[in-house]
2 protein chains.
Amino acid sequence: MAMDIAGAFEDNALFETVRRVAVDIFSEEGLKKRFAAGKPLKIKLGADPSRPDLHLGHSVPLRMLRKMQDAGHEIIFVIGDFTGMVGDPSGRSKARPPMTYEETRANGQSYFEQVSKILDPAKTQITYNSEWLGKMDFADVLKLAGKYTLARIMERDDFKNRFSASQPIGLHELFYPLMQGYDSVALEADIEVGGTDQTFNLLVGRELQKDYGQEPQEVITFPLLPGLDGVEKMSKSLDNYIGIDEPPEAMFEKCMKVPDSALRDYFRLTTDMPEEVYNGLLAQDIREAHFAYAREIVTMYHGEGAIERAEQRYRDIASGQAPDNENMETLTISGRASVVELLRRAGLAASNSDARRLIAGGGIKINGETVADLDAKIDSDAVLSRGKNKFVKIKIIN
Amino acid sequence: MAMDIAGAFEDNALFETVRRVAVDIFSEEGLKKRFAAGKPLKIKLGADPSRPDLHLGHSVPLRMLRKMQDAGHEIIFVIGDFTGMVGDPSGRSKARPPMTYEETRANGQSYFEQVSKILDPAKTQITYNSEWLGKMDFADVLKLAGKYTLARIMERDDFKNRFSASQPIGLHELFYPLMQGYDSVALEADIEVGGTDQTFNLLVGRELQKDYGQEPQEVITFPLLPGLDGVEKMSKSLDNYIGIDEPPEAMFEKCMKVPDSALRDYFRLTTDMPEEVYNGLLAQDIREAHFAYAREIVTMYHGEGAIERAEQRYRDIASGQAPDNENMETLTISGRASVVELLRRAGLAASNSDARRLIAGGGIKINGETVADLDAKIDSDAVLSRGKNKFVKIKIIN
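The model shown is predicted, which means the values in this text are computed figures rather than measured ones. (Residues numbered from 1 in each chain as written. Chains lettered and ligands numbered in written order. Predicted model: local features only at pLDDT ≥ 70, side-chain atom pairs only at ≥ 80, totals over all residues. Heavy atoms only, no water.)

Enquirer: I'd like a description of the overall build of chain A, backed by residues and values.
Expert: When its secondary structure is counted, chain A shows 18 helices and 13 strands. The principal-axis extent of the C-alpha atoms belonging to chain A is close to 80 × 50 × 40 Å. Out of the 398 residues in chain A, the part that is buried amounts to 52%. Pairs at least 24 residues apart make up 67% of the contacts formed inside chain A by residues separated by at least 6 positions. Where the 50 positive side-chain charges of chain A centre and where its 62 negative ones centre are 3 Å apart. (Helix = DSSP H or I, 4+ residues; strand = E, 2+ residues; numbered from the N terminus. Buried < 20%, exposed > 50% of the residue type's maximum accessible area, 1.4 Å probe, protein only. Contact = heavy atoms within 4.5 Å. Lys, Arg positive; Asp, Glu negative; His and termini not counted. Charge placed at Lys NZ, Arg CZ, Asp CG, Glu CD.)

Enquirer: Explain the relation of the copies chain B and chain A residue by residue, including any values.
Expert: With an axial shift of 0.1 Å and an RMSD of 0.3 Å, the rotation relating chain B to chain A amounts to 179°. In the structure described here, the two chain copies are related by an operation that fits a two-fold rotation axis. Across chain B, the smallest distance between a C-alpha and the rotation axis is recorded for D137 of chain B, namely 2.1 Å. Both copies share a contact surface, since 100% of the interface residues of chain B are interface residues in chain A too. (Least-squares fit on C-alpha atoms with pLDDT ≥ 70 in both.)

Enquirer: Tell me about the pattern of salt bridges, and please be specific about residues and values.
Expert: Residue and element names in this part refer to chain B. Per the stated rule, a full pass over the model turns up 56 salt bridges over all chains. Across the pair D265 and R268 runs a salt bridge, and its minimum N-O distance is 3.7 Å. Within this pair, D265 and its partner R268 are both found in helix α13 (residues 263-270), separated by 3 residues, close to a single helical turn. (Salt bridge = Lys/Arg side-chain N within 4 Å of Asp/Glu carboxyl O.)

Enquirer: I'd like to hear about the packing of helix α3 (residues 56-70) of chain B against helix α15 (residues 286-302) of chain B, residue by residue, with values.
Expert: Residues and elements named next belong to chain B. Running from N to C, α3 and α15 cross one another at 65°; their axes reach a closest spacing of 14 Å. Classified by the angle between their axes, α3 and α15 sit roughly perpendicular to one another. In this structure, α3 crosses over α15, and the sense of that crossing is left-handed. On α15, the residues that touch L56, S59 and R63 of α3 are Y293, I297, M300 and Y301. The residue inventory of the contact of α3 with α15, partitioned by class, reads 5 nonpolar, 1 polar and 1 charged. (Axes fitted to C-alpha atoms, helices over the stretch in contact; angles between N-to-C directions. Parallel < 35°, antiparallel > 145°, perpendicular 65-115°, else oblique. Left-handed = near helix turned anticlockwise from the far one by under 90°. Nonpolar A, V, L, I, M, F, W, Y, C, P; charged D, E, K, R; others polar.)

Enquirer: Summarise the packing of aromatic side chains; cite the residues concerned and give the values.
Expert: Counted by the stated rule, this structure contains 22 aromatic pairs over all chains. Between F77 of chain A and Y111 of chain A, the aromatic rings sit 5.2 Å apart at their centres with planes inclined by 70°, giving edge-to-face as the arrangement. Of this pair, F77 of chain A sits in strand β3 (residues 74-79) while Y111 of chain A is found in helix α5 (residues 101-115), placing the two residues 34 residues apart along the sequence. One aromatic cluster is present, formed by F82, F138 and F175 of chain A together with F82, F138 and F175 of chain B through successive ring pairs. The ring of Y128 of chain A has R105 of chain A sitting right over it, with the charged end atom 3.7 Å from the ring centre. When the ring centre of Y148 of chain B is taken as reference, the NZ or CZ atom of R152 of chain B above it lies at 4.0 Å. (Phe/Tyr/Trp six-rings, centres within 6.5 Å; stacked < 30°, edge-to-face > 60°. Lys NZ or Arg CZ within 6 Å of the ring centre and 35° of its normal.)

Enquirer: Would you mind going over the sheet that holds strand β10 (residues 369-370) of chain B in detail, with residue names and values included?
Expert: All names here are of chain B. Strand order in the open sheet made by the 5 strands is β7-β13-β12-β9-β10, with mixed pairing throughout. In the strand order of this sheet, the two ends are held by β7 (330-334) and β10, each with one partner. Note that β7 and strand β13 (residues 390-397) share 5 bridges and pair parallel. Bridge assignment links T330 to a residue of β13, and that residue is K393. (Pairing = 2+ DSSP bridges.)

Enquirer: How would you explain helix α11 (residues 199-211) of chain A if you had to name every residue and give the values?
Expert: Residues and elements named next belong to chain A. With 13 residues, α11 ought to run about 18 Å at 1.5 Å a step, and its terminal C-alpha atoms sit 19 Å apart, in line with that. Three or more residues of α11 are buried, namely T199, F200, N201, L202, V204, G205, R206, L208 and Q209. Tucked inside the fold, the buried residues of α11 contact β1 (24-26), α7 (138-145), α8 (150-153), α10 (175-187), β5 (191-195) and β6 (218-222). A positive phi of about 80° marks G213, the residue just after α11. (Expected span 1.5 Å × (residues − 1).)

Enquirer: Run through unusual backbone geometry, naming residues and quoting values.
Expert: All names here are of chain A. A cis amide bond, omega -10°, links F26 with the succeeding residue S27. Looking at where S27 falls in the secondary structure, it is placed in the loop between β1 and α2 (28-36). Phi at E188 takes a positive value of approximately 50°, unusual for a residue other than glycine. Counting through the fold element by element, E188 comes out in the loop between α10 and β5.

Enquirer: Residue-level account of the interface of chain B and chain A, with values.
Expert: Between chain B and chain A, the contact holds 33 residues from the first and 33 residues from the second. Where chain B abuts chain A, roughly 2800 Å² becomes buried across the two surfaces, and 83% of that area is made up of carbon and sulfur atoms. Considering only the surface of chain B that becomes buried against chain A, F138, L150 and L171 of chain B emerge as the three largest contributors, covering 28% of it. The interface formed by chain B and chain A includes 0 salt bridges. For the pair chain B and chain A, the number of links is 6 residue pairs in polar contact (both at pLDDT 80 or more). Looking at the side of chain B that touches chain A, the elements that each hand over two or more residues are α4 (81-86), α7 (138-145), α8 (150-153) and α10 (175-187) of chain B. (Buried area = accessible area lost by both parts, 1.4 Å probe. Polar contact = N/O pair within 3.5 Å; in protein donor to acceptor, adjacent residues only side chain to side chain.)

Enquirer: I'd love a proper account of the nonpolar core, names of residues and values included.
Expert: In terms of nonpolar packing, the biggest core is built from 63 residues, with V18, M68, I220 and Y266 of chain B touching the most fellow members. The dominant element in this core, judged by the number of residues it contributes, is α15 of chain B, at 8 residues. (Core = buried A, V, L, I, M, F, W, Y, C linked by side-chain atoms within 4.5 Å.)

Enquirer: Explain the packing of helix α14 (residues 275-284) of chain A against helix α15 (residues 286-302) of chain A residue by residue, including any values.
Expert: Axes are the key here: two packed helices are described by the angle between their axes and the distance separating the axes. Residues and elements named next belong to chain A. It is at 6 Å that the axes of α14 and α15 come closest, and there the two elements cross at 140°. Our pair here, α14 against α15, has a crossing hand that is right-handed. Residues L281, L282 and Q284 of α14 touch α15, and the partners they reach there are I286, A289 and A292. Class assignment for the residues of the contact of α14 with α15 results in 5 nonpolar, 1 polar and no charged.

Enquirer: Kindly report on the sheet that holds strand β1 (residues 24-26) of chain B, identifying the contributing residues and their values.
Expert: Backbone-to-backbone hydrogen bonds pair the strands of a sheet. The strands run either parallel or antiparallel. All names here are of chain B. As summarised here, the arrangement of the 6 strands in space is β1-β6-β5-β2-β3-β4, forming an open sheet in which the pairing is mixed. In this open sheet, the two edge strands, each paired with only one partner strand, are β1 and β4 (124-128). Within this sheet the neighbouring strands show an average axis-to-axis angle of 25°, counted without direction. With 6 bridges connecting them, strand β2 (residues 42-47) and strand β3 (residues 74-79) associate as parallel partners. Across the sheet, the residue bridging to G46 is V78, located in β3. The strands touched by helix α11 (residues 199-211) are β1, β5 (191-195) and β6 (218-222); relative to β6, the strand with the most contacts, the crossing angle is about 170°.

Enquirer: Which residues make up the environment of R315 of chain B, and what are the values?
Expert: Residue and element names in this part refer to chain B. Locating R315 in the fold gives a position in helix α16 (residues 307-318). Of the residues examined, R315 reaches a relative accessible area of 33% and is grouped as partly exposed. It is 9.3 Å that separates the C-alpha atoms of R315 and E253, two residues lying 62 residues apart in sequence. When residues no more than four places from it in sequence are discounted, the contact partners of R315 are F291 and R295.

Geometry only, nothing functional implied.
This is the structure:
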C-alpha cells in the first residue's frame, strides 16, 4: 500500500509526531530520551487472539508504529493466545469456547498479513504469550500475584464499577491485567502502545517491570476512533467500522458515511493529510470534504487506480442509479414473476407482506422507476432496487 | 498415653459425640448419613507447615478425630508445605522466609509424632499439598480461580475488614482459601474438620468439590479453646498455652492457672470427664476443681504415675517452699558472694541494680526467709528464690 511516510526523523521529530496524536504518554521525558538514544527499541502492542478484522480504528496506533519502524525501531505484537486457549474458566461467556493451538496460530498469521498493509513486515514480529505464561507454575503465579494488591487492581474502572454494582467478577479475571503486564516483563519491552481503554493494563506492565528489576516501559495511549454511528468506538461487533481489507467500493461508500462531526478526527487520525489542507476542505464544503477523505483512504489501502470506479459507483447509488457493477447480485428466473415474489426471492424483502409494504411505501424501483402497483410483474431483464443502495439484477430466461 | 475412648460406636453415637462438642456442622444430615454408611471415611485436617508445638487447643479437634478413628475412619493431615515453600511473595512479612523442602518434611514428621499422642498412628496419614499444587500450571490456576468470584472471596471476614479499612491485601492472598479448598478436591475428602476460625476456608473446599464434580465434604467446626489469659484463643505466640509435650510439672502448674471462668470449657473440650462429674467439682470448690483438672490432664499426657510429683511441686511453690526437685537450676561458686551478685549470675535479676530493687521490694528469699539487707552474703549452700516460683540452688565449693 502507499504509505506517506515523512522520511527519516531527526532530533525530536518522531516524538513530536507521536505526541500530536497520542492522548497520554507515561512519561514524556522517558519517551523523548529513548527516541533520542539512537538505539533500536522494542515496541509492544497486544493483540486479541480471535480472528482479527482490522479497521481504521486499529490503524491509528498502527500508523504511529509504522513511523517508529521507519525510524529504525522494532514492533513486537503479542498475541494473547494463552488466555484464548484457556477460555473462560468460569463458564459464564459460553459464546467464547477455548481456542486450539492451531486456531491461535492461524489467527496470528492472518493478523500479521493484515498489519502488513500498514507496517513494514521486515521489522514486525509476532509472538504468543503462551510461550512464557504457559511455562509458569503455581508458585510463579503466586509470585506474580504478590506484586499487586487487590486495591490497586480494583482501581481499574470496569472492576470497580462491576464490584460496586454487585456484578460478578471471576477471580481469574483479576489476573488478566497482570498477565498482560507480565508480557512486557517477558519481552523486556521499551515502549508499549494501545488505545486509551488499555491505559490501566499498560501501566500495570510498567509497574511490574520495576518489580522484576527492569527499566519501566514508556506507555503511549492513542485515541479511540469513533465509529460510523458517531457514538461508540469503531468496532466490528457494532458494525460501525471501515475495514482495511474491504473492497474499494465498500470503503468509499463507508467513508462518505462518516458523521460530519467526526470527519476532522478521521482526517487527523487515519490519514497523513496536513492539518491545513483538511481544515480548508472542512471549512468549504462538508460533502466535498467527505469525497476527499474517501479518495484518500481508498488510495491508501488500494492505490490511486481504485478511486475512479469506487467513486463512480458511489455517485450512481447516491443519484438512485443502478451502479454499473459486474458484480451486482443477480437473480435468474424463467418466465415472468411478480415484483412481490422477486423482492422476496432476491432477499430485498423478508416476506411477501414485507414486499407489499415496501412497494406501498414507495421504496421499490424497477430500472429507477418507482413501482406503484402491488401486482406489478417483470417479464424482461431489469434492475430491481430497494432504497438507495440495494440492487439486484433480474435476468429472465425462457 | 491413656485415652479414654468410649469403645465402638453404634447408630448415631459417634454423630452425637461430635455434635456435643462441635460449633457447626455442614450439613448435619450429611454427616449422619456418612457415619451411618459403615464405610471408612477420609477425614481431612489442615496443618501449618511451620514447626508445630501442639497445645490443648489443638487437642479439641484431635480428640474428636481419635473417636472417629476408633470408629474405623482414616485421618489425613494436609501439611500446607506449598505456601510455606513459596513464602510471602509480596515481601511484606519479612519474619517468614520461605521454607526448604527438608524443613517442611522435618516439621511434618514432628507433627506426626506429636499428634500420635492423641491419634492412632496406624490410621493417620500425613500428606503435603505441594504434591498436587506444585504440579499445577498457570492454566490450571486460572481454572481454579474461575470457580470463584471476588465477591464470594470477599465474604471472608478478614478480607472484608482489611479491604474496607484500606489495608493492603496481596492478590496472592486471595488464593489461599482456594488452595486449601482444592486440597479437599485432590484428596476427595469426605469430611473436613477445623476451628471455627477456619469455617470460611472449609466451606470453600465444600464448594470447590461440587465444582469439580465431587460429593461435597461435610464440614465440622470445633470451638477455639481460650488461652490461660482467658481472653485470646490459646496460641503459642501469645504464650497463653498448655503444650501437650510439656513436662508434667509445667503442665500441672499451667492447669492450675486456667481462669475460673474458663475451667468448665477446659473440662468439656479437653477431657473425657463426664459432665455431671466436673459440674459437681465446679459447684463445690473452684480450687479443688483446678486440682482435679490438672490431675486429669497430667494423667492423659503422662500417665497417672506422673501426678504425685507434679502436684507436690505445685503445692510447694504455692506455699512458698522451694520445690524438692533434683532438676532445680543450680549455680556453683567458690567462696562467698553477695546476694546481689548471685541474683544476677543466677539469672534471677537482669542487673545488679535490678537485683537491689528486688531485694528492696521484699521479693527475694534465702531458704524461704525474706532478704532485707542489700549487702547480704551467702557462704554456704542455700536456695535463692525470687517470687513464688523462681528458684536457684546455690552451691558453695571451697
